[in-house]
Amino acid sequence: MPFSGGSNLPLTIGNVELSTPVLPAPMAGVSDKPFRLILAEFGCPLVYTEMVSAKGLVYGSRATLKMIDLAGEGNVAVQLFGREPEILARAAKTAVERGAVLIDLNLGCPMPKVVKNGEGAALMQEPSLVGELVAAVAAAVAVPVTVKMRSGWDGASRNAVQVALVAARARAKAVTVHGRTAVQRYAGRAEWDTIRQVAVALSSQGVSVIGNGDVASPEDASRMLAETGCQGVMVGRAAMSNPWIFPRISAYLRDGTWLDPPSPSERLAVARRHLDQAVHWEGEERAVRQMRKVIGWYVKGLPGAAALRQEVSQIREAEAMRQALHRYATRLH
Ligand SMILES: Cc1cc2nc3c(=O)[nH]c(=O)nc-3n(C[C@H](O)[C@H](O)[C@H](O)COP(=O)(O)O)c2cc1C
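The rules behind these values
Residues numbered from 1 in each chain as written. Predicted model: local features only at pLDDT ≥ 70, side-chain atom pairs only at ≥ 80, totals over all residues. Heavy atoms only, no water. Near = heavy atom within 4 Å. Polar contact = N/O pair within 3.5 Å; in protein donor to acceptor, adjacent residues only side chain to side chain. Areas by Shrake-Rupley, 256 points an atom, 1.4 Å probe, with all protein chains shown as cover. Nonpolar A, V, L, I, M, F, W, Y, C, P; charged D, E, K, R; others polar. Phe/Tyr/Trp six-rings, centres within 6.5 Å; stacked < 30°, edge-to-face > 60°. Helix = DSSP H or I, 4+ residues; strand = E, 2+ residues; numbered from the N terminus. Buried < 20%, exposed > 50% of the residue type's maximum accessible area, 1.4 Å probe, protein only. Lys NZ or Arg CZ within 6 Å of the ring centre and 35° of its normal. Disulfide = S-S within 2.5 Å. Pairing = 2+ DSSP bridges. Right-handed = clockwise from strand over helix to strand, strands pointing away.

Let's shift gears to the site of the ligand. Every one of the 16 residues lining the ligand counts as a neighbour, but Ala28, Gln79, Asn212, Asp214 and Arg237 are closest to it. Measuring from an oxygen atom of the ligand, one finds a side-chain N or O atom of Lys148 at 2.8 Å. Protein burial of the ligand: of its 620 Å² of free accessible surface, 88% is covered by the chains. Of the residues assigned to the shell around the ligand, the class counts are seven nonpolar, six polar and three charged.

Going through the model one piece at a time under the given rule, you end up with three aromatic pairs. When the ring of Phe42 is compared with that of Trp244, the centres are 5.3 Å apart and the planes differ by 70°; the resulting orientation is edge-to-face. Here the residue Phe42 occupies a position in the loop between helix 1 (33-41) and strand 4 (47-48), and Trp244 occupies one in the loop between strand 11 (232-235) and helix 10 (245-255), the gap between them amounting to 202 residues. Here Phe42 and Trp244 have matching classes, each one buried. Relative to Trp258, the ring of Tyr252 lies with its centre 6.1 Å away and its plane at 85°, an arrangement referred to as edge-to-face. In this structure an aromatic cluster arises from ring pairing among Phe42, Trp244 and Tyr298. Positioned over the ring face of Trp281 is Lys33, at 4.3 Å from the centre of the ring.

This paragraph deals with the state of the cysteines. Among covalent bonds in proteins, the disulfide is the one between the sulfur atoms of two cysteines. Following the criterion strictly, the structure yields zero disulfides and no others. Cys44 carries a free sulfur, and the closest cysteine sulfur to it, the one in Cys230, is 17 Å from it. Given the relative accessible area of 8%, Cys44 is considered buried. You can call Cys230 buried: its relative accessible area is 6%.

Take the pairing of strand 11 next. Within a regular beta strand, the side chains point alternately toward one face of the sheet and then the other, so they alternate between its two faces. Neither face of strand 11 is exposed, since Gly232 and Met234 on one face and Val233 and Val235 on the opposite face are all buried. Taken together, the three bridges between strand 10 (residues 208-212) and strand 11 define a ladder with parallel strand orientation. When the bridges of strand 11 are listed, Gly211 appears paired with Val233. At this point the chain moves from strand 10, through helix 9 (residues 218-228), to the parallel strand 11, and the crossover so formed is right-handed.

On their own, these measurements won't tell you what the molecule is for.
Here it is as structure tokens:
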């Protein structure tokens, strides 16, 4: 699609002004500190943690607290999941004490272990509770509170507009809408019309609407902004080990500038840096385990990627992983 004017406007979420309207999505198992640091390096003005259990924070689970270790980072939004106003409020306070500049509430996770507790996307079925949750968190912290939702629970209950209005009334400063129902999970194409409807409904409320679902290129981002009237675009799967997508989208939206996708050697150089960040922040054992899958994403589509994936899946030491990356880079030349 040709460049259609895009957006020169920064995205504003409460008192947080962002230089670009494109944001990386929170993704469990992906949006850890090493990846967030890479995203910040690539100019993302705000990055999200993966979803963090509010209960885990309040009860002091060490693993959960580690998820909100924001040391050494820039603007980080902490995404919380839970369904008790009091617990979410306390968890949000803890996250803000650790440096969160924004609290996002998860209304979109469709995973059985989450929805069976009435959390995540199950909350789409309880709009008035959503209002209580947002109000409780907004009263507890001075940073903006936002929600990220599905278009509804299922095809018969696409109530994103209703939930968005409830959240706005309770002082949410932005609403992200993923254009799929919870029952759909990630199947099929995302539909953006619900995003448009939410943008229309919130247009006079001073609440930013962030569209999400199947944005995988600068043209997709431009089209989503134009077709839905949303103010921001959030990119999930297409950003896995692909931080280049953010400067590419931002440049295109700014003035139609087309930045080429990265070369294989650029991809490998960033994979190597990602590995180094992971070892530094997570320790070697954890880093190597995580990087087995992350390296696979960096080399997706390159010649010999399957063999490299197979090789790194056996590796137990960071230095061996660096050498495997180096040998692969040499083979590619
Ligand atoms: C591996 C994975 C983990 C995810 N984890 C979260 C999460 O923790 N919180 C959340 O709100 N959404 C999560 N999502 C959903 C994404 O944020 C996003 O809404 C969804 O992938 C649609 O956007 P996309 O088409 O750009 O990928 C996750 C998605 C994936 C693929």
